[in-house]
Amino acid sequence: MSADHSRDPCPYVILNDFGGAFAMGAVGGSIWHGIKGARNSPRGERLPGSLAAIKARAPVLGGNFGVWGGMFSSFDCAVKGVRQKEDSWNAIISGFFTGGCLAIRGGPKAALGGAVGCGILLGVFEGVGVLINKAMSDFSKPQMPIAPEQPPAAAISH
């Protein structure tokens, strides 16, 4: 993400990002699996089926999101330490490493595919963020006031 100098030091950022990603995954998983559990349950059993699906699957999705967020944040801190700068490339490089690590159990080919895919995804996110920031900064630029038009001199001298 963007260069934000007001953030906490890296160990705290990693834990914060892990927790935030876990919470986001758990909430999203509760909604997703709640709907899915209700749809797959027989009529009259929709609420218990929904709650059972939420209890079984939402924490798993939250954990998966948490692992991704914590690993990404760890790599982001490491890349910032190595490069000694904060820019969009840090997120892209961190996404590349995160995708590769998460896919490594599938072998080198899967790891490379995961790394490239995640790096591209983060590159798109960063590119969209830059475009949005640029568009928003154009709105906040000071505008030159428009001077009222003066009538022609011939029209004034009647």
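Parameters at a glance
Residues numbered from 1 in each chain as written. Predicted model: local features only at pLDDT ≥ 70, side-chain atom pairs only at ≥ 80, totals over all residues. Heavy atoms only, no water. Helix = DSSP H or I, 4+ residues; strand = E, 2+ residues; numbered from the N terminus. Buried < 20%, exposed > 50% of the residue type's maximum accessible area, 1.4 Å probe, protein only. Contact = heavy atoms within 4.5 Å. Areas by Shrake-Rupley, 256 points an atom, 1.4 Å probe, with all protein chains shown as cover. Disulfide = S-S within 2.5 Å. Expected span 1.5 Å × (residues − 1). UniProt positions renumbered as here; feature names shortened; annotations may be inferred.

An unreviewed UniProt entry lists the protein under the name Mitochondrial import inner membrane translocase subunit tim17, from Wallemia ichthyophaga.

A.B. asks: Looking at this structure, I do not really get the overall build of the protein. What am I missing?
C.D. replies: When helices and strands are tallied, the protein shows five helices and zero strands. N-terminal to C-terminal, the α/β element order of the protein is α-α-α-α-α. Counting the 158 residues in the protein, one finds 25% classified as buried. Taking as baseline every contact in the protein between residues at least 6 positions apart, the subset at least 24 positions apart corresponds to 55%. Surface summary for the protein: the accessible area is close to 11,200 Å², and the carbon and sulfur share equals 69%.

A.B. asks: Please clarify how the state of the cysteines should be interpreted in this entry.
C.D. replies: As used here, a disulfide is simply a covalent bond connecting the sulfur atoms of two cysteines. As enumerated under the stated definition, the model contains one disulfide in all. Paired by a disulfide, C10 and C77 hold their sulfur atoms 2.2 Å apart. Here C10 and C77 share a disulfide; its torsion about the S-S bond, -100°, makes the bridge left-handed. Of the two residues, C10 is situated in helix α1 (residues 10-39) and C77 in helix α2 (residues 46-83); the sequence distance between them amounts to 67 residues. Accessibility expressed as a relative area gives 12% for C77, which makes it buried.

A.B. asks: Got a minute to help me understand α1 in this structure?
C.D. replies: Side chains three or four residues apart in an α-helix point the same way, a direct result of the helix having 3.6 residues per turn. Along its 30 residues, α1 runs 43 Å from first to last C-alpha, staying within 8% of the 44 Å computed at 1.5 Å per residue. Where α1 is concerned, the buried positions are V13, A21, G25, A26, G29, H33, G34, G37 and A38. As for α1, its buried residues are in contact with α2.

A.B. asks: How do you make sense of the UniProt feature "transmembrane region" (unreviewed entry) in the protein when you look at a structure like this?
C.D. replies: The UniProt entry lists residues 12-35 and 112-132 under the feature "transmembrane region" (unreviewed entry), expressed in the numbering used here. A distance of 30 Å separates the end C-alpha atoms of residues 112-132, which is 100% helix and 0% strand.

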